[in-house]
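Architecture and fold: a report
What follows is the residue order along each chain.
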Amino acid sequence: MLDKKYDHLSIECGKYGFWKDNNYFQAGDLSKEPFTIVIPPPNVTGKLHLGHAWDTTLQDIIIRYKRMDGYDALWLPGMDHAGIATQAKIDKKLKELGYNPRSMDREEWLKHAWEWKEEYAKTIHEQWAKLGLSLDYSKERFTLDDGLSDAVKKVFVDLYNEGLIYRGERIINWDPEAMTALSNEEVIYKDVEGAFYHIKYYLEDSDDYLSVATTRPETLFGDTAVAVNPSDDRYKDLIGKKVKLPLVNKLIPIIGDVHADPEFGTGVVKITPAHDPNDFEVGNRHNLDRIIVMNPDGTMNENAFKYASMDRFACREAVVKDLEELGLLIKVEKIVHAVGHSERTDVMVEPYLSKQWFVKMRPLADRVLLNQKNKDTKVNFVPERFEKIMNHWMEITYDWCISRQLWWGHRIPAWYRGEEVYVGVNPPDSFGWVQDSDVLDTWFSSALWPFSTLGWPNMTDLLKRHYPNDVLVTGYDIIPFWVNRMTFQGLHFTNERPFKDCLIHGLIRDKNGRKMSKSLGNGVDPMDVIDKYGADSLRFFLATSSASGQDLRYDEEKVKSTWNFINKLWNASRFCLMNISSLKEVNFDNLNMSDKWILTKYEKVVKDVRRYMDKYEFNNAGSIIYSFVWNDFCDNYIEMAKFSSDTDATKSTLYYVLMGIIKMLHPFMPYVTEEIYQNLPFKDNDSIMISTYPKYDLNLVFEQDAKVIDNLIEFVANFRNVKQENNIGKNFKVKINNDSDYTLIKKMLKLDDNIIDTELNITKYEVISGIYNITLYYEKEETEEDLIFKKKQCENLEKSIARRRNLLNNPSYVSKAPSHLVSEEREKLKKEEEELAKLIG
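Residues numbered from 1 in each chain as written. Predicted model: local features only at pLDDT ≥ 70, side-chain atom pairs only at ≥ 80, totals over all residues. Heavy atoms only, no water.

Looking only at helices and strands, one finds 25 helices and 28 strands in the protein. Taken over C-alpha atoms, the radius of gyration comes to 39 Å for the protein, far larger than the 28 Å a tight globule of 841 residues would show. Each of the three principal axes of the protein carries a C-alpha extent, and together these read 120 × 90 × 55 Å. Within the protein, buried positions represent 54% of all 841 residues. In the protein, the proportion of contacts linking residues at least 24 apart, taken out of those at least 6 apart, comes to 76%. If you sum the accessible surface of the protein, you get close to 39300 Å²; carbon and sulfur atoms cover 48% of it. (Helix = DSSP H or I, 4+ residues; strand = E, 2+ residues; numbered from the N terminus. Rg over C-alpha atoms; globule rule 2.2 N^0.38 Å. Buried < 20%, exposed > 50% of the residue type's maximum accessible area, 1.4 Å probe, protein only. Contact = heavy atoms within 4.5 Å. Areas by Shrake-Rupley, 256 points an atom, 1.4 Å probe, with all protein chains shown as cover.)

Following this line, the structure appears as structure tokens:
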């Protein structure tokens, strides 16, 4: 029997806290249709955040539902090495321990990294268990395990051999703190205060100058030309001449190029091919030198002359000061502009000339766009509008920089010997080769997750059975990072989409709509929420408080209200268990009308909930269950069942509906539903996790009987409202006005001692709902508020009566006013006098 008081801690930390150790979640029943979710892997940088709890809750709801609905459901867990983020955390820890990460050799550093991974993987496992996730741990993967590493090598080598991976010197996004290249998706643009610095570039052997505006004067040491538009009449005659580079005093050419916009600024631009992507292209067109003026850590190098070793921003200040002192600074124009920052370290990104590895994206993207036009093979986004994000990205895509200057990740399978380059899954078998020290972008391996985790490139039974995956659940913020890349890699290497459906959720914000962040101090640890309100409360809140694709506002009061709902379910379950203890078998013979009513309501709920669950509309499914449990089952049916709980029909109905409720709620609330299930008789399996999900049964739908009880419930509610609104206590009488069956109403309203056959000459109120009609008689008990109101009424009537009497006693008014107005005044006076007499009593 359930304990008297619901205690989520004793349930969740007791026998259901270690689901990781059972085999309920291991897929492999070949007699069933497969259904697959591959978990979006959390990174091993630390504890799970609230967004990941939302992500995994939605996935767990889907997999539990499908498992109960008869599928061979595989939910494959795993973790991501998260290159830049994890390396930064490890470096920070090593510094705290007194190590200098930059002075360590690679193997020594990696030893610490793997210790970190083991520590935080253990933490994530504990948090998954606390959240109640039904993962198949027998198939768990990690992006750096041997099998996934083999898949990564094969993909790299195959793309290289197909001409879709190449190594080249290009302008990339450089993170000076992490000292690594970034892809464009890893750059976040923020509005910052800056300036246009207008600088004099003097013409060779002349006192005339060109005015050049730049936001980055510290890069002028890398200028190898200034450009004007060939069609600009102001400057076209200067093309081919030279200007003197400020501070450096070397001559650089004036070139004509369409990159210079006559309508923008002065129409003259400095060209720095090693530090600007547009200038890089201009430099290629004009065969200009590429002069790098910064070190990888963001300090200036020897090409900056006396400014060498200065931080880039300190150099900017020094350069501007020197330009001003030399009379070369025309003006400083303050602006606010969008500047790229590293997603991971939050430092300002530097456009930087570097030799990196790239994926040639155009052919891969075009195949995705073509595939998305085929309704049978496309990735189906839920909601549909998010498909536009993927398609737009594929349309405008650019080559993907995939090399990272890190140690934590998949090392690039390329070796060098002099000018020779060897790319292969295995190292070259001759001497003198040195492997590339860079690793691959984390998203390169994550893009293979849907099929590499199932054994690819080997054609395993797991891969044959569970690929493509059925659904991916993720946030809209990583569609460009991850969803898009999984899609083009899946199509290219398996000739199939990686997953049939892609369910998109939003971001979690605080209750005021602000993004959660450390600086605002509004972050929420999901484990703290679980400690206070339980995993079931948190999960139900996360799943039902927002529609697909919408942001969710975290509100502790709503989590608390879910906890109250679980308490109500718990207490209702205790009532049911107490009343069905003697039930030998489920028997629906001799159902009364209230039994038929709740069964009809329940079957409709089953039908609607299944429809919403199949469409991933968990907010609607949860709301329907919530309303049914709270209003129909607890507030109405249990009250009615108290008067027939000694019958097998009502006992069977209580059992059947409660069992269905906890099964429908189980995907949302695994802990409390398992506890209730284990206390019920006639279970269809050892655990609710592998029991059968409810199915709609038309044989238990009784529409006409249900309408009668709907009327009865409405009548009872109306009757109680009348009593409450009129402050009617126990002293009342009722007269039944028709031949309808009032048996249940009499019991629910306790009317047996209050029924009369004749009318009374006291205050009455007629209560009608459908087939029910009762007159309620009562002696109105006046409250202090009633007396104050009555006194006010009397005073108003007395004033009105006095006015009318004075008017009617005036002979001039009576003789001159229209007769119908005089008659109306007399009639009103009479009514007011009668009303006053009634009030005075």
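With that settled, the discussion passes to the packing of helix 19 (residues 648–665) against helix 20 (residues 670–679). Relative orientation of the contacting elements helix 19 and helix 20 amounts to 150 degrees, with a least axis distance of 9 Å. On the basis of the axis angle, helix 19 is roughly antiparallel to helix 20. Relative to helix 20, helix 19 is oriented so that their crossing is left-handed. Across the interface between the two elements, L658, M659, I662, K663 and L665 of helix 19 pack against T673, I676 and Y677 of helix 20. When grouped by side-chain class, the residues that make up the contact of helix 19 with helix 20 number six nonpolar, one polar and one charged. (Axes fitted to C-alpha atoms, helices over the stretch in contact; angles between N-to-C directions. Parallel < 35°, antiparallel > 145°, perpendicular 65-115°, else oblique. Left-handed = near helix turned anticlockwise from the far one by under 90°. Nonpolar A, V, L, I, M, F, W, Y, C, P; charged D, E, K, R; others polar.)

Close contact between helix 2 (residues 50–68) and helix 15 (residues 535–544) brings their axes to 9 Å; oriented N to C, the two are set at 90 degrees. It follows from the interaxial angle that helix 2 and helix 15 lie roughly perpendicular. Facing L50, A53, W54, T57, L58, D60, I61 and R64 of helix 2, the residues of helix 15 in contact are L538, R539, L542 and A543. Of the residues belonging to the contact of helix 2 with helix 15, the class tally is eight nonpolar, one polar and three charged.

By the secondary structure assignment, H198 is in strand 7 (residues 187–202). H198 has contacts with S211, V212, A213, L328, L329, I330, K331 and E333, leaving out every residue within four places of it along the chain.

Here the focus is the sheet that holds strand 8 (residues 209–214). Spatial ordering of the open sheet is given by 8-7-13, a layout of three strands whose pairing is antiparallel. Only two strands of the sheet have a single neighbouring strand rather than two, namely strand 8 and strand 13 (329–342). Taking the axes of each pair of neighbouring strands and ignoring which way they run, one obtains an average angle of 20 degrees across the sheet. (Pairing = 2+ DSSP bridges.)

Glancing now at the packing of aromatic side chains. Inspection of the entire model under this criterion finds 45 aromatic pairs. Here the aromatic rings of F142 and W408 are separated by 6.5 Å at their centres, their planes lie at 40 degrees, and the arrangement is tilted. Remark: W408 occurs in the loop between strand 17 (403–404) and strand 18 (414–417) and F142 occurs in strand 4 (residues 141–142); sequence separation between them is 266 residues. An identical accessibility class is assigned to F142 and W408; each is buried. For the ring pair F540 and Y626, a centre distance of 6.4 Å and an interplane angle of 25 degrees mean the geometry is stacked. In this pair, F540 sits in helix 15 while Y626 sits in helix 18 (residues 618–641), placing the two residues 86 residues apart along the sequence. (Phe/Tyr/Trp six-rings, centres within 6.5 Å; stacked < 30°, edge-to-face > 60°.)

On to the nonpolar core, then. Grouped together as the largest cluster of nonpolar side chains are 134 residues, with contacts concentrated most on F633, F668 and F719. With eleven residues, helix 18 is the largest single contributor of residues to this core. Leaving out residues up to four positions away in the same chain, F633 has contacts with A572, C576, I598, F628, I638, L654, V657, L658 and I661. Counting residues in hydrophobic clusters, the runner-up holds 54 residues, among them V359, M394, I402 and L491. (Core = buried A, V, L, I, M, F, W, Y, C linked by side-chain atoms within 4.5 Å.)

Turning our eyes to something else, we now look at the pairing of strand 14 (residues 350–359). Along strand 14, eight of the ten residues are buried, which leaves the element largely enclosed by surrounding structure. Two elements, strand 14 and strand 16 (residues 400–401), share two bridges in a ladder whose sense is antiparallel. From the neighbouring strand, F358 faces strand 16, where its bridge partner is C401.

Here the structure, examined in full by the defined rule, presents 48 salt bridges. Among the salt bridges present, the one from K154 reaches D158, with a minimum N-O distance of 2.9 Å. Here the residue K154 and the residue D158 both occupy positions in helix 5 (residues 146–161), the gap between them amounting to four residues, near one helical turn. Under the relative-accessibility criterion, K154 is labelled partly exposed at 29%. Measuring nitrogen to oxygen at the nearest pair gives 2.8 Å for the salt bridge that ties D223 to K270. With D223 in the loop between strand 8 and strand 9 (225–228) and K270 in strand 12 (residues 269–271), this residue pair connects regions lying 47 residues apart in the sequence. Taken together, the salt bridges that share partners define one network made up of D60, R64 and R539. (Salt bridge = Lys/Arg side-chain N within 4 Å of Asp/Glu carboxyl O.)

On to helix 17 (residues 593–614). For helix 17, which comprises 22 residues, the first-to-last C-alpha distance of 32 Å matches the rise-based estimate of 32 Å (1.5 Å per residue) to within 8%. After helix 17 finishes, the residue Y616 shows a positive phi value of roughly 65 degrees. (Expected span 1.5 Å × (residues − 1).)

Let us now look at the sheet that holds strand 22 (residues 469–475). The strands that make up a sheet pair up through hydrogen bonds in the backbone, lying either parallel or antiparallel. Here we have three strands laid out as an open sheet, ordered 15-23-22, and parallel in their pairing. Each edge of the sheet is formed by a strand with only one pairing partner; in this case those strands are strand 15 (380–382) and strand 22. Looking at each pair of strands side by side, their axes are set apart by 20 degrees on average, direction ignored. Relative to strand 23 (residues 499–505), strand 15 runs parallel, the two sharing three bridges. From the neighbouring strand, V382 faces strand 23, where its bridge partner is L503. This element, helix 13 (residues 479–494), spans strand 15, strand 22 and strand 23 of the sheet and lies at about 165 degrees to strand 22.

The next subject is the confidence of the model for the protein. Residues with a pLDDT of 70 or more make up 98% of the protein, whose mean pLDDT is 92. Averaged over each element, pLDDT in the protein is lowest for helix 1 (residues 8–12) (81) and highest for helix 17 (98). (pLDDT = per-residue confidence, 0-100.)

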